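Observations on chain architecture
Listed below, chain by chain, are the residues.
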Amino acid sequence: SKRKTKDEIKNIKYIYLKKYFSNINEYKKILSKCSYFFHCAYQNDENFATKYSYEDYKINIHSLENILNTIIDFKNLNFIFFSTVSLYSSSLKNINEKSKIKILSQYNLHKYYCEKKIRNFSNISNPNYIILRTSNLYGDNDLVKRDFILQSLHKIKKNYPILIFGSGNYLRDYLHLDDVNKALKCIIKNRLNTKFEIYNFCSGNSLSINNTIKKMFYLSKKRELIKYKPTNNNLTKRNFICKPHKFSKTFNWQAKINIGLGLKKLIKKI
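A brief structural summary. (Residues numbered from 1 in each chain as written. Predicted model: local features only at pLDDT ≥ 70, side-chain atom pairs only at ≥ 80, totals over all residues. Heavy atoms only, no water.)

**A short note on the sheet that holds strand S4 (residues 136-138)**
Quick reminder of the rule: Here the rule is simple: two strands pair whenever DSSP picks up at least two bridges between them. Working definition: helices are DSSP H or I runs of at least four residues, strands are E runs of at least two. Numbering for both runs from the N terminus. For helices, the fitted line uses only the C-alpha atoms of the stretch in contact; every axis is such a line through C-alpha atoms, and the angle between N-to-C directions lies from 0 to 180 degrees. Residues are treated as being in contact if the distance between any of their heavy atoms lies within 4.5 Å.
Reading across the sheet, the three strands line up as S4-S6-S8 and stay open at both edges, with mixed pairing between neighbours. Whereas interior strands pair on both sides, the edge strands pair on one side only; in this sheet they are S4 and strand S8 (206-208). Sheet twist, expressed as the average angle between the axes of neighbouring strands with direction ignored, equals 45°. Against the sheet, helix H8 (residues 209-220) engages strand S6 (171-176) and S8, with an angle of about 80° to S8.

**What to know about the sheet that holds strand S7 (residues 196-201)**
Strand order across the open sheet formed by four strands is S1-S2-S3-S7, with parallel pairing between neighbours. Strands with a single pairing partner mark the edges of an open sheet, and in this sheet they are strand S1 (36-39) and S7. Each adjacent strand pair in this sheet contributes to an overall mean axis angle of 20°, direction not counted. In this sheet, strand S3 (residues 128-134) lies alongside strand S2 (residues 78-84) in parallel orientation, the contact comprising seven bridges. In the sheet register, Ser-83 faces S3, and the bridge partner there is Arg-133. Lying on the sheet, helix H4 (residues 53-71) is in contact with S1, S2 and S3; it crosses S2 at an angle near 160°.

**Section: the environment of Phe-79**
Condition: When accessible area is computed with a 1.4 Å probe and restricted to protein chains, residues below 20% of their type maximum are described as buried, those above 50% as exposed, and intermediate ones as partly exposed.
One can find Phe-79 in strand S2. Under the relative-accessibility criterion, Phe-79 is labelled buried at 0%. Through-space distance from the C-alpha of Phe-79 to that of Phe-37 is 4.8 Å; in sequence the pair is 42 residues apart. Excluding its chain neighbours within four sequence positions, the residues that come into contact with Phe-79 are Phe-37, His-39, Leu-64, Ile-67, Leu-68, Ile-71, Ile-118, Asn-128, Tyr-129 and Ile-130.

**Re the pattern of salt bridges**
Put simply, the rule reads: Just to be clear on terms, a salt bridge is a Lys or Arg side-chain nitrogen sitting within 4 Å of an Asp or Glu carboxyl oxygen.
The tally for this structure, following the rule as stated, stands at seven salt bridges. Residue Glu-55 is joined to Lys-58 by a salt bridge in which the shortest nitrogen-to-oxygen separation is 3.4 Å. Within this pair, Glu-55 and its partner Lys-58 are both found in helix H4, separated by three residues, close to a single helical turn. Residue Lys-58 is classed as partly exposed on the basis of its relative accessible area of 21%. Ionic pairing is found between Lys-117 and Glu-65, a salt bridge with its closest N-O pair at 3.3 Å. A residue pair is termed long-range when its members are at least 10 positions apart, and Lys-117 in helix H5 (residues 106-122) and Glu-65 in helix H4 qualify at 52 residues. Glu-65 carries the same exposure label as Lys-117, and that label is buried.

**Remarks on the nonpolar core**
Selection criterion: We define a nonpolar core as any set of buried Ala, Val, Leu, Ile, Met, Phe, Trp, Tyr and Cys residues linked to one another through side-chain atoms lying within 4.5 Å.
In this structure, Leu-68, Ile-71, Phe-79, Phe-81, Ile-118 and Tyr-129 are the most contacted members of the largest nonpolar core, which totals 23 residues. Among the elements of the structure, H4, S2, H5, S3 and S7 are those that each provide at least two residues to this core. If you tally residues by element for this core, the top one is H4, at five residues. Judged by nonpolar contacts, the second largest core, of 18 residues, contains Ile-209, Ile-213, Phe-217 and Leu-263.

**Regarding the packing of aromatic side chains**
Definition in use: Planes of paired rings set the category: under 30 degrees apart is stacked, over 60 is edge-to-face and the rest tilted, where pairs are Phe, Tyr or Trp rings (Trp by its six-membered ring) whose centres lie within 6.5 Å.
In the structure shown here, the tally under the stated rule is 14 aromatic pairs. When the centroid spacing of 5.8 Å and the interplanar angle of 85° are considered together, the rings of Tyr-199 and Phe-247 count as edge-to-face. Here Tyr-199, found in strand S7, pairs with Phe-247, found in helix H9 (residues 245-251); they are 48 residues apart in sequence, far enough to count as distant. Accessibility classification places Tyr-199 together with Phe-247 in one group, the buried group. Ring centres of Phe-201 and Phe-247 lie 5.0 Å apart, and the angle between their planes is 45°; on these two criteria the pair is classed as tilted. Note that Phe-201 is positioned in strand S7 and Phe-247 in helix H9, a separation of 46 residues in sequence. Exposure remark for Phe-201: the relative accessible area of 0% places this residue in the buried category. By relative accessible area, which is 0% here, Phe-247 ends up buried. A network of ring pairs unites the aromatic residues Tyr-199, Phe-201, Phe-247, Phe-251 and Trp-253 as a single cluster.

**Describing H8**
For clarity, the cut-off: Take the number of residues in a helix, subtract one, and multiply by 1.5 Å to get its expected span.
The first and last C-alpha atoms of H8 sit 17 Å apart over 12 residues, in line with the 16 Å expected at 1.5 Å per residue. Burial in H8 covers these residues: Ile-209, Asn-210, Thr-212, Ile-213, Met-216, Phe-217 and Ser-220. Check the buried side of H8 and you find it contacts helix H6 (148-157), strand S5 (162-165), S6, S8, strand S9 (226-229) and helix H10 (259-267). At the C-terminal side of H8, Lys-221 shows a positive phi close to 60°.

Below is the structure:
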């Protein structure tokens, strides 16, 4: 960050890992001193995962295996993996961690496989493991990754129409990155006390795609330009409603930034 001074960052050492974390074993001594390992690195493009499924497997699953094999003996390490709520079957009722799973894409298949791999490792290794099934994260200005909200705001700024597949009445949950950062601090502060656990990690406030887009136009002070295209894609037509009760109770956290405030903060960045 440009806001940090040299004095604040002079004692930080940056480690650059090779593709697929193939050299992570070289840092075993450093990792053995760590208390928390947050695994946020993941290829999240649905189209890429479908078109290049084996490459996606290597990026996401093989890389995870390299990490898990490296940390297998670390007794004091807590390993946190970011998964996705899109693993769940579509529902208009509140979903919990025991709700039905329905795999609708190659991307989701690999996420689910990673979850199973971590669960298996939890039975044979020393670290504690938790999986965060996250909703749609937003709040930064990085167009490289898949981000429906950010890409839509950039189109609105340029007066390009927003393309919505299907009716646009499908419900999604959006979680701002500032709330994510606070949640990770809460995980550290409250400590893990289970060997393996899964948590739904979301804001708890679902909104339709239509209403989200309309709110973007309103806050951007732009005339609405929306196009609709029919779709039979069940992944697009899914609904997600959830209250993160389990995570909130365990780690004493709740989302503070609603979608209106989150969009205002993001619009100022772009």
